[in-house]
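Residue-level listing of the chains:
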Amino acid sequence: MKNRGRPYLCGYDLPSAPALEARWRKERDMKKKRAGHPKKAAERLRKEVAKRKGGFRGLATVFRMRDKDKSGSLNASELEEALLAYGLDVTEDEVDFLSIQFDKNKDGTIDYCEFLMGLKGQMNNYREQYVRKVFDLLDLDGSGEVTVDEIAERYDVSAHPKVVEGTMTKNEALEEFLHSFEGSSGNKDGLVSWEEFKEYYAEISVTIESDDFFGMMLKRAWGLEPPVKKAVPYSEKVVDELLARIREAVAKRKSGLRGLGNVFKRMDSDNSGFLNEEELTLTLRAFGVDIDVNEAAIGQQFSKPTFSYRHSSPRF
């Protein structure tokens with residue numbers, strides 16, 4: 001029997017207006033919770049796009065397809081459609097925030113080239129300097145362009161994750177790399193400019209938070225040592241905070257300080273009693289201390305330009 005005063009259709013009671021509103025609010029709140037604050041939308045989308053095979057170039061293609069009047073801009077509705085078409089899960093609040101953030105002239109539209117550049121971001125100086133160093137290694141005549149053949153000759157795919165896993169051959173990994181420049185989104189001219197090379201690694205950079213891991217990837221691929229980082233002076237407070245983390249890790253280990261000393265000795269290949277920043281980083285990570293190369297520079301507080309584990313032991 002239907003209830004008086006409530007909507008009724010085909011023998012079923014329909015939810016009342018307050019019930020529908022409550023359900024809508026609950027779904028909206030769940031979406032917001034999944035997405036996080038709209039201000040974090042750009043960061044989340046940046047990482048999601050970078051992980052996709054098509055990357056930012058693929059997203060640019062979708063934007064161009066949605067740009068019916070070829071104006072180079074999209075309104076908020078078209079932006080949302082394009083992001084969803086590319087398989088990116090966005091909420092209305094996020095789209096509204098992005099629209100306001102990237103609508104430079106406040107005319108209700110977004111220049112999608114500016115949007116892509118803003119979303120992608122730039123490499124920091126250290127990373128761009130390293131990428132430039134690799135490109136200059138290839139660009140022997142200083143023309144600002146290198147051929148795909150020159151890239152293929154120097155690029156080492158043996159450390160490629162899929163090659164290591166055995167899911168891809170070296171030739172397939174090399175072909176995938178070159179396809180980034182000469183594939184469906186490349187200009188197929190057989191040449192790679194500095195801007196194209198930098199753009200490729202800018203997309204890779206988005207997915208890698210650590211500078212030292214980014215540098216390790218380039219070193220394995222091209223066999224080129226990273227540029228030297230400038231030493232950063234650290235306050236006594238920062239040094240003490242790092243030492244406290246090391247002490248905490250030592251206390252958790254059954255082998256204690258002696259175990260840390262043994263790890264130091266194993267890393268000291270020339271038995272000099274000193275470790276460089278990279279060796280110190282690997283040593284402490286092996287002992288369960290989360291540290292990056294920048295923090296490892298603190299070792300210079302004990303001895304320059306390398307870290308003396310013999311002289312630092314009392315401070316641990």
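From a predicted model like this one, the values you see are computed outputs, not experimental measurements.

**What to know about the packing of aromatic side chains**
And step 1. Using the criterion set out here, one finds 12 aromatic pairs in the structure.
And step 2. Centroid distance F102 to F115: 4.8 Å. Interplanar angle 70°. Geometry classified as edge-to-face. With a gap of 13 residues between them, F102 in helix α5 (residues 92-102) and F115 in helix α6 (residues 112-120) connect regions that are remote in the sequence. Grouping residues by exposure puts F102 and F115 together as buried.
And step 3. Relative to Y200, the ring of F177 lies with its centre 5.1 Å away and its plane at 85°, an arrangement referred to as edge-to-face. Of this pair, F177 sits in helix α10 (residues 170-182) while Y200 is found in helix α11 (residues 194-206), placing the two residues 23 residues apart along the sequence.
And step 4. Overall, Y200 belongs to the buried group, its relative accessible area being 18%.
And step 5. Pairwise contacts between aromatic rings join F135, Y155, F177, W194, F197, Y200, Y201 and W222 into one cluster.
And step 6. Taking NZ or CZ as reference, R52 lies 5.3 Å from the ring centre of Y86, over its face.
And step 7. The ring of W194 is capped by R132, whose NZ or CZ atom sits 4.5 Å from the centre of that ring.

**Remarks on the confidence of the model for the protein chain**
And step 1. Here the protein chain averages 75 in pLDDT, while 73% of its residues score no lower than 70.
And step 2. With pLDDT under 50 throughout, residues 1-14 is counted as low confidence; its partners more than four residues away or in other chains account for 13 contacts.
And step 3. This model gives residues 303-307 a pLDDT under 50, and the stretch forms 16 contacts once residues within four places in sequence are excluded.

**Quick notes on the side chain of R127**
And step 1. For R127, the position within the fold is in helix α7 (residues 125-138).
And step 2. Only 2.7 Å separates the side chain of R127 from the side chain of D211, close enough to count as a polar contact.

**Some points on the pattern of salt bridges**
And step 1. In this structure the tally under the stated criterion is 10 salt bridges.
And step 2. Between R44 and E48 there is a salt bridge whose closest N-O contact spans 2.8 Å. Linking R44 with E48, this pair stays in helix α2 (residues 41-51), spanning four residues, or about one helical turn.
And step 3. Residue class for E48 comes out partly exposed when judged on its relative accessible area of 27%.
And step 4. Salt-bridge contacts for D136 lead to R132; the nearest nitrogen and oxygen are separated by 3.1 Å. Of this pair, D136 and R132 both sit in helix α7, four residues apart, roughly one helical turn.
And step 5. Overall, the relative accessible area of 39% leaves D136 in the partly exposed class.
And step 6. For R132, a relative accessible area of 30% gives the class partly exposed.
And step 7. Where salt bridges share partners, they join R44, E48 and E94 into one cluster.

Criteria and cut-off values
Within any chain, residue numbers begin from 1 and follow the written order of that chain's sequence. In keeping with the predicted nature of the model, local features appear solely for residues at pLDDT of at least 70, side-chain atom pairs appear and are counted solely at 80 or more, and the whole-chain, interface and lining totals rest on all residues. Only heavy atoms go into the side-chain values, all of them from the structure, while hydrogens and water stay out. Aromatic pairs are defined between Phe, Tyr and Trp rings, using the six-membered ring for Trp, whenever the two ring centres lie within 6.5 Å; interplanar angles under 30 degrees are classed as stacked, those over 60 as edge-to-face, and all others as tilted. Numbering of helices and strands runs from the N terminus; a helix is a DSSP stretch of H or I covering at least four residues, while a strand is a stretch of E covering at least two. Think of it in three bands: with a 1.4 Å probe and only protein chains considered, a residue is buried below 20% of the maximum accessible area for its type, exposed above 50%, and partly exposed in between. Only lysine NZ and arginine CZ atoms are considered, and such an atom sits over a ring when it is within 6 Å of the ring centre and within 35 degrees of the ring normal. Every residue is assigned a pLDDT by the predictor, reflecting its confidence on a scale from 0 to 100. Note on contacts: a residue pair qualifies if any of its non-hydrogen atoms lie within 4.5 Å across the two residues. Under the rule applied, a polar contact is a pair of N or O atoms within 3.5 Å (in protein, one hydrogen donor and one hydrogen acceptor; residues adjacent in sequence only if both atoms are side-chain atoms). Any carboxyl oxygen of Asp or Glu that lies within 4 Å of a side-chain nitrogen of Lys or Arg is treated as forming a salt bridge with it.

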